[in-house]
Number of protein chains: 2
Amino acid sequence: MSSNGDTIDRTGQHLAVTTAGGDVRALRPIDEDLPASRKVFLEDGDLRVPMREIAVSGGEPPVRVYDTSGPQGHDVRRGLPKLREPWIARRIARGDTNLSQMHYARRGEITEEMRFVALREQVSPEFVRDEVARGRAVIPANRNHLECEPMIIGRNFLVKINANIGNSAVTSSITEEVEKMQWAIRWGSDTVMDLSTGPNIHQTREWIIRNSPVPIGTVPIYQCLEKVKGRAEDLNTDIFIETLIEQAEQGVDYFTIHAGVLLRHIPLTAKRTTGIVSRGGSILAKWCLAHHKENFLYTDFERICEVMKKYDIAFSLGDGLRPGSIADANDAAQFAELDTLGELTEVAWKHDVQVMIEGPGHVPMHKIKENVDRQMEVCHEAPFYTLGPLVTDIAPGYDHITSGIGAAMIGWFGTAMLCYVTPKEHLGLPDREDVKTGVITYKIAAHAADLAKGHPGAQRRDDALSKARFEFRWQDQFNLSFDPTTARQFHDETLPAEAAKQSHFCSMCGPAFCSMRITEDVRAIAAQKGISEEKALAEGMAQKAEEFREKGGSLYQSK
Amino acid sequence: MSSNGDTIDRTGQHLAVTTAGGDVRALRPIDEDLPASRKVFLEDGDLRVPMREIAVSGGEPPVRVYDTSGPQGHDVRRGLPKLREPWIARRIARGDTNLSQMHYARRGEITEEMRFVALREQVSPEFVRDEVARGRAVIPANRNHLECEPMIIGRNFLVKINANIGNSAVTSSITEEVEKMQWAIRWGSDTVMDLSTGPNIHQTREWIIRNSPVPIGTVPIYQCLEKVKGRAEDLNTDIFIETLIEQAEQGVDYFTIHAGVLLRHIPLTAKRTTGIVSRGGSILAKWCLAHHKENFLYTDFERICEVMKKYDIAFSLGDGLRPGSIADANDAAQFAELDTLGELTEVAWKHDVQVMIEGPGHVPMHKIKENVDRQMEVCHEAPFYTLGPLVTDIAPGYDHITSGIGAAMIGWFGTAMLCYVTPKEHLGLPDREDVKTGVITYKIAAHAADLAKGHPGAQRRDDALSKARFEFRWQDQFNLSFDPTTARQFHDETLPAEAAKQSHFCSMCGPAFCSMRITEDVRAIAAQKGISEEKALAEGMAQKAEEFREKGGSLYQSK
């Protein structure tokens, strides 16, 4: 991208970026949102893996957390530094034709991406390679997305989240979408999907990719539909492949492709409460019915694989028939499509192309686990990537919450990446605040899943924050949280004085009723009575309890 | 309560209600928050049980939902109509001394409260009586809370939620608290706990109870502590009993009592990350240590039972040692106290006193189920009433969400009532908006649990809303949701025109990409081709699929 307000993309198209000048607002500095944090790097030879280090007071060690925010302070008109340029150059120079991480992994080669990911996740590079070779994890990293800081998606790693952005024909501009991407990763989104469907679809994507340190996903059929002026029946494989290449050249890291919507599945949706709710799924269903032919994405799947491996783009096999309501959860249409996705997984793997499988949708809690169990079985443990699921239909306006419940659970059960849902779901396009709310809700879900899975180290941040809370280090409590400014603002609404940040209480209970303050007193009394905390509470008190038991045990006999 | 601005409460105390006049703001009319709704009544002889009926367009039947909002339009200075007055009068006239619902149930008597609840839950009165007699459900209904519309808490009924309100020494007025109560029940709170700890504690409670159609719970130890000027060590059974009677006379329906915090349990908290986080728990622990004696609430538990049965107040046995952090979840202190609560349950039941058991707190997802399983076992299936639990510690400002996840799950596992957590948890006293957010989050959790438990009829509202969504009946979608005004407002942010309420798309995807609109097309194509929806999609398509399979089955062979 040149800096004069125009840009040449990789396909040679000349794009006027007329909105590039004054329109590009910089996000406020990151430390205004995440105070007491600094970027540090884990190093391994030439690799530098970013982490965010949160300073903690009271003599406590700082806490390091996974960092998705990317390099800061760059001019969006120029894009981010091209971290992966030398790695890819070397591979191309030696004449590699299948550039997929899976291909290298299966040949026993540990790539820079694998080493980067290994440091980031604190595991061995060999483990990363094995998981990628096995297909149980993917590293989405298009050879042309040189700005990407590699990350891994798989159930033996930290649970990841995705934020969807993108304008529709109805609203929103390019720069707004770039800002939303930056905003989403500031709060911790691990990947971003650009779902733009309006005009400027190519240009919007170019800006996003050049400024994104996280993998970018798209749903190419949307752009294809623009090309055929919205007439689904005019779609065909050539237009699709042409569009894939256009987007591949730009650097899209994973493609959602609805190749599992088969003609024979469509009748299974006839009695559904909400029919087909996936945009891609409905487009393909329309095509199939109009031509009375099998889905061309399915019949020409191997042609698609050829593109994928050349650029190392991962499949995100779309669940075009996912349930859009509690009534439709886990039905025949959904599971028939899942079987087909399992079949396609094997085809992709034959080409060493990386695969994720998309999942629902709307599912009541008791039907969530079956989704993961079946997916693991029929898709041979390819990473599962789910939208929510929403555990009830009746709370539009709060679907970040209805889906956050399902997301936490499905993450625990083994889903590798959770696609966020914002409060605007079902109602309209999310704005910046919605994006933040969605991301933080999903960071909660993913972290809760990491804790429940017993991920080593996941609890460290909880422990540090809880210790700060117990010791009334308010500022530390804020800084260690997902959203320090909101936490601080909520606190300050009732106790704004700076002195209150040292108070041993808050407005919730007031000074006399603060349990934590009283616990301090309890421990002080114990100490005063010569009952030093651990020891005496453990000895003196236990002895007292012993006396009590000897004098008749419990006062009331259990039967 | 008299209407001249003064009030005489039942204990004979004369209370100047100086703030009664202009200060009392009426909530806006309920139909501004819940449009297209009207109150209807299920009738059984003299009983009239309120339901909310939501009108639906498109020839669809209206949807009836459980209604907690109570009689509308009454002057808060006069309080609500005394629904239960004749029922209680009859029992007192015949000389009953144990007025607990459990006592009647065990004698085989079906009370008006049981009949009311049976209609409300659409089960038989005999089933209600059996569950109450067995101790598996409670109907909190103080003989002096005549304004209360009976409700039931037990795992074989709809999952209930509680909202905490109450001022602290630091902030908030009486009328604000009454408004918060009304606000909480407007959005669906099934009970309300008044946790006031500041001045005017008695008067605030009086106003709340006289205006509350839902059971009111309190934690009497808070007022006791006020009486001994904050010196926990000066507490004793006499002050406690005196306070119980004062509150019992006013009509409190359930008391949280921390009788399970035993001297021998306190050492078990010594190594905890967050010590004792229950206000009541920390007060009792301080008392125990100061005197080096057993908790007087435990040693004098049967004296307390005498008060409870006289008024029919339910125990909510407090978990004073609940974990306040992920690190402390399911630890020895927590489960030791739970065992004691089980022992006390049996004592209470000996007196036919109704019992609920309070539960945590902070618990990671994989440790939630153990809480329910143990509680059911050691507390003999007495209803479990839990706070959250929060599934991670690191999101202050979003703890309605961290806890909503845990609440939905624990509700599914068998918890009967979920105590809400607001976004202000850990940070300050919730304001009105926080109360609403907390209540709606918990309505989501409770409803999700009802769905997952397979509660008959729970899915009806989901189905009606999803059908409206699929048919682009936007207004119905809003009206059937938990928060119609917010849903509508979110929709209107991007498509404000009234015409958009008839649009077959929204701003999220725009017209060309609306999957639901395309599904309509799909079904239209099917019809056009003589493939009438169900039939042909099920026959014509299936036949086509059959042909396809005959021509070689799946394109790619699964291994």
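Bear in mind the structure is a predicted one, so any value in this text is a computation, not a measurement. (Residues numbered from 1 in each chain as written. Chains lettered and ligands numbered in written order. Predicted model: local features only at pLDDT ≥ 70, side-chain atom pairs only at ≥ 80, totals over all residues. Heavy atoms only, no water.)

*Asks:* Give me the overall build of chain A: which residues, what numbers.
*Replies:* Broken down by element type, chain A carries 22 helices and 15 strands. Within the span of chain A, comprising 559 residues, buried residues form 67% of the whole. Considering only contacts in chain A between residues 6 or more positions apart, those separated by 24 or more positions represent 71%. Carbon and sulfur atoms form 50% of the exposed surface of chain A, whose accessible area is close to 17800 Å². (Helix = DSSP H or I, 4+ residues; strand = E, 2+ residues; numbered from the N terminus. Buried < 20%, exposed > 50% of the residue type's maximum accessible area, 1.4 Å probe, protein only. Contact = heavy atoms within 4.5 Å. Areas by Shrake-Rupley, 256 points an atom, 1.4 Å probe, with all protein chains shown as cover.)

*Asks:* Tell me about the nonpolar core, and please be specific about residues and values.
*Replies:* Of all hydrophobic cores here, the largest spans 294 residues; its most connected members are A:F315, A:M365, B:L235, B:F315 and B:M365. Once you skip the residues sitting within four places of it in the chain, B:M365 turns out to touch A:A408, A:M409, A:W412, A:A448, A:A449, A:A452, B:V391, B:I405 and B:M409. (Core = buried A, V, L, I, M, F, W, Y, C linked by side-chain atoms within 4.5 Å.)

*Asks:* Residues and numbers for the sheet that holds strand β10 (residues 216-218) of chain A, please.
*Replies:* Residues and elements named next belong to chain A. Here 8 strands make up a closed barrel; going around it, the order is β8-β9-β10-β11-β12-β13-β14-β15 and the pairing parallel. Geometrically, the sheet is characterised by an average inter-axis angle of 25° between neighbouring strands, direction not taken into account. When strand β8 (residues 160-165) meets strand β9 (residues 191-194), the two strands line up parallel, connected through 4 bridges. Counterpart to A163 in the pairing with β9 is V192. Contacts between helix α6 (residues 174-186) and the sheet are confined to β8 and β9, with β8 contributing the most and set at about 160° to the helix. (Pairing = 2+ DSSP bridges. Axes fitted to C-alpha atoms, helices over the stretch in contact; angles between N-to-C directions.)

*Asks:* Lay out the sheet that holds strand β4 (residues 47-54) of chain A with the relevant residues and their values.
*Replies:* All names here are of chain A. Spatially, 3 strands are ordered β3-β4-β5 in an open sheet, and the strand pairing comes out antiparallel. A single partner strand is all that each edge strand has here, and the edge strands are β3 (37-44) and β5 (63-66). Averaged over all neighbouring strand pairs, the angle between strand axes comes to 45°, with direction disregarded. For β4 and β5, the ladder comprises 4 bridges, and the chain directions are antiparallel. Looking at the pairing, E53 lines up with R64 of β5.

*Asks:* Tell me about unusual backbone geometry, residues and numbers included.
*Replies:* With an omega of 10°, the peptide bond between A:G388 and A:P389 qualifies as cis. In this fold, A:P389 is placed in the loop between β14 (384-387) and α15 (399-413). The omega torsion of the bond from B:P360 to B:G361 falls at 5°, within 30 degrees of zero and hence cis. The backbone phi angle of A:H292 is positive, close to 50°, even though this residue is not glycine. For B:Q122, which is not glycine, the phi torsion reads 60° and is therefore positive. Inspection of the secondary structure puts B:Q122 in the loop between α4 (112-121) and α5 (125-134). A residue is classified by how much of its surface remains accessible, and B:Q122, at 56% relative accessible area, is exposed.

*Asks:* So, the environment of A:N200: which residues are in play, and what are the values?
*Replies:* Along the chain, A:N200 falls in the loop between β9 and α7 (201-210). C-alpha separation for the pair A:N200 and A:F255, spaced 55 residues apart in sequence, amounts to 19 Å.

*Asks:* Any chance you could break down the pattern of salt bridges for me, citing the residues and the numbers?
*Replies:* Residues and elements named next belong to chain A. Tallying each qualifying case throughout the model produces 100 salt bridges over all chains. For the salt bridge of K424 with D431, the shortest nitrogen-to-oxygen distance reads 3.7 Å. Overall, the relative accessible area of 2% leaves K424 in the buried class. With its nearest N and O atoms 3.2 Å apart, the salt bridge here joins K436 to D483. Of the two residues, K436 sits in helix α16 (residues 432-452) while D483 sits in the loop between α18 (474-479) and α19 (484-494), which places them 47 residues apart along the sequence. Overall, K436 belongs to the buried group, its relative accessible area being 7%. Since its relative accessible area comes to 0%, D483 is described here as buried. (Salt bridge = Lys/Arg side-chain N within 4 Å of Asp/Glu carboxyl O.)

*Asks:* Describe the packing of aromatic side chains, naming the residues involved and giving the relevant values.
*Replies:* According to the stated counting rule, one finds 16 aromatic pairs over all chains in the structure shown. On the basis of an interplanar angle of 85° and a centroid distance of 6.0 Å, the ring pair of A:Y254 and A:Y385 is categorised as edge-to-face. Taken together, the residues span a long stretch of sequence, with A:Y254 in strand β11 (residues 254-257) and A:Y385 in strand β14 at a distance of 131 residues. Aromatic pair B:F301 and B:F315: ring centres 4.7 Å apart, planes at 20°, arrangement stacked. Of the two residues, B:F301 is situated in helix α12 (residues 301-311) and B:F315 in strand β12 (residues 314-317); the sequence distance between them amounts to 14 residues. The same class applies to B:F301 and to B:F315, which are both buried. An aromatic cluster of at least three residues, connected via ring pairs, comprises A:F240, A:W287 and A:F296. The cationic tip of A:K424 hangs over the ring face of B:F490; the distance from NZ or CZ to the ring centre is 5.1 Å. (Phe/Tyr/Trp six-rings, centres within 6.5 Å; stacked < 30°, edge-to-face > 60°. Lys NZ or Arg CZ within 6 Å of the ring centre and 35° of its normal.)

*Asks:* Break down the state of the cysteines for me, citing the residues and quoting the values.
*Replies:* Residues and elements named next belong to chain B. Applying the stated criterion across every chain yields a total of 0 disulfides over all chains. The cysteine C305 is free of any disulfide, with C379 supplying the nearest cysteine sulfur at 14 Å. Among the residues examined, C305 registers a relative accessible area of 0% and is labelled buried. Owing to a relative accessible area of 0%, C379 belongs among the buried residues under this scheme. (Disulfide = S-S within 2.5 Å.)

*Asks:* Kindly report on helix α6 (residues 174-186) of chain B, identifying the contributing residues and their values.
*Replies:* Turn by turn, an α-helix covers 3.6 residues, leaving residues three or four places apart pointing in a common direction. Residue and element names in this part refer to chain B. Its 13 residues give α6 an end-to-end C-alpha distance of 19 Å, which sits within 8% of 18 Å, the value for a rise of 1.5 Å per residue. Of all 13 residues in α6, 12 are buried, a share of seventy percent or more. Regarding α6, the residues found buried are I174, T175, E177, V178, E179, K180, M181, Q182, W183, A184, I185 and R186. Lining the buried residues of α6 we find α1 (30-33), β8 (160-165), β9 (191-194), α7 (201-210) and α16 (432-452). The first or second residue beyond α6 is G188, which carries a positive phi of 120°. (Expected span 1.5 Å × (residues − 1).)

*Asks:* Could you give an account of the packing of α7(A) against helix α9 (residues 237-250) of chain A, with specific residues and numbers?
*Replies:* Residue and element names in this part refer to chain A. Across the interface, α7 lies against α9 with an axial gap of 9 Å and an inter-helix angle of 30°. The orientation of α7 with respect to α9, classified from their angle, is roughly parallel. The segment α7 lies against α9, with H202, R205, E206, I209 and R210 engaging E246, Q247 and Q250. The residue inventory of the contact of α7 with α9, partitioned by class, reads 1 nonpolar, 3 polar and 4 charged. (Parallel < 35°, antiparallel > 145°, perpendicular 65-115°, else oblique. Nonpolar A, V, L, I, M, F, W, Y, C, P; charged D, E, K, R; others polar.)

*Asks:* Outline the pairing of β11(A), supporting the account with residue identities and numerical values.
*Replies:* All names here are of chain A. The two faces of β11 match: Y254 and T256 on one face and F255 and I257 on the other face are all buried. With 4 bridges connecting them, β11 and strand β12 (residues 314-317) associate as parallel partners. Pairing of T256 across the sheet is with S316, part of β12.

*Asks:* Describe the pairing of strand β11 (residues 254-257) of chain B, listing the residues and the values that go with them.
*Replies:* Across 2 bridges, strand β10 (residues 216-218) of chain B lies against β11(B) in parallel orientation. Residue pairing across strands places B:T218 opposite B:F255, the latter belonging to β11(B).

*Asks:* Quick one: what's the story with α7(A), residue by residue and with numbers?
*Replies:* Counting buried residues along α7(A), 10 of its 10 residues qualify, which places the element largely inside the surrounding structure. When α7(A) is considered as a whole, its buried residues turn out to be A:I201, A:H202, A:Q203, A:T204, A:R205, A:E206, A:W207, A:I208, A:I209 and A:R210.

*Asks:* So what's going on with the side chain of A:T191? Residues and values would help.
*Replies:* All names here are of chain A. With respect to the helices and strands, the residue T191 is situated in strand β9. Its relative accessible area of 0% is what places T191 among the buried residues. Looking at T191, its side chain comes within polar contact range of the side chain of N162, at 2.7 Å. In contact with T191, other than residues within four places in its own chain, are M151, I153, I161, N162, A163, V214, P215, Y254 and M417. (Polar contact = N/O pair within 3.5 Å; in protein donor to acceptor, adjacent residues only side chain to side chain.)

*Asks:* Explain the packing of α6(A) against α16(A) to me, and be specific about the residues and the numbers.
*Replies:* Residue and element names in this part refer to chain A. The contact between α6 and α16 brings their axes to 9 Å, and the two run at 30°. Regarding the angle of α6 to α16, the classification is roughly parallel. Here α6 runs over α16; the crossing is right-handed. When α6 is examined against α16, the residues E179, K180, W183 and A184 are found in contact with a partner set consisting of R432, E433, V435, K436 and V439. Grouping the amino acids of the contact of α6 with α16 by side-chain chemistry returns 4 nonpolar, no polar and 5 charged. (Left-handed = near helix turned anticlockwise from the far one by under 90°.)

*Asks:* I'd like a rundown of the environment of A:G359, residues and numbers included.
*Replies:* Along the chain, A:G359 falls in strand β13 (residues 355-359). When near neighbours in sequence (up to four residues on either side) are disregarded, A:G359 contacts A:D319, A:F384, A:Y385, A:T386 and A:L387.

*Asks:* Pulling in residues and values, what's your account of the environment of A:K271?
*Replies:* All names here are of chain A. Along the chain, K271 turns up in the loop between β11 and α10 (279-291). Note on K271: relative accessible area 67%, which makes it exposed. With 117 residues separating them along the chain, K271 and G388 place their C-alpha atoms 23 Å apart.

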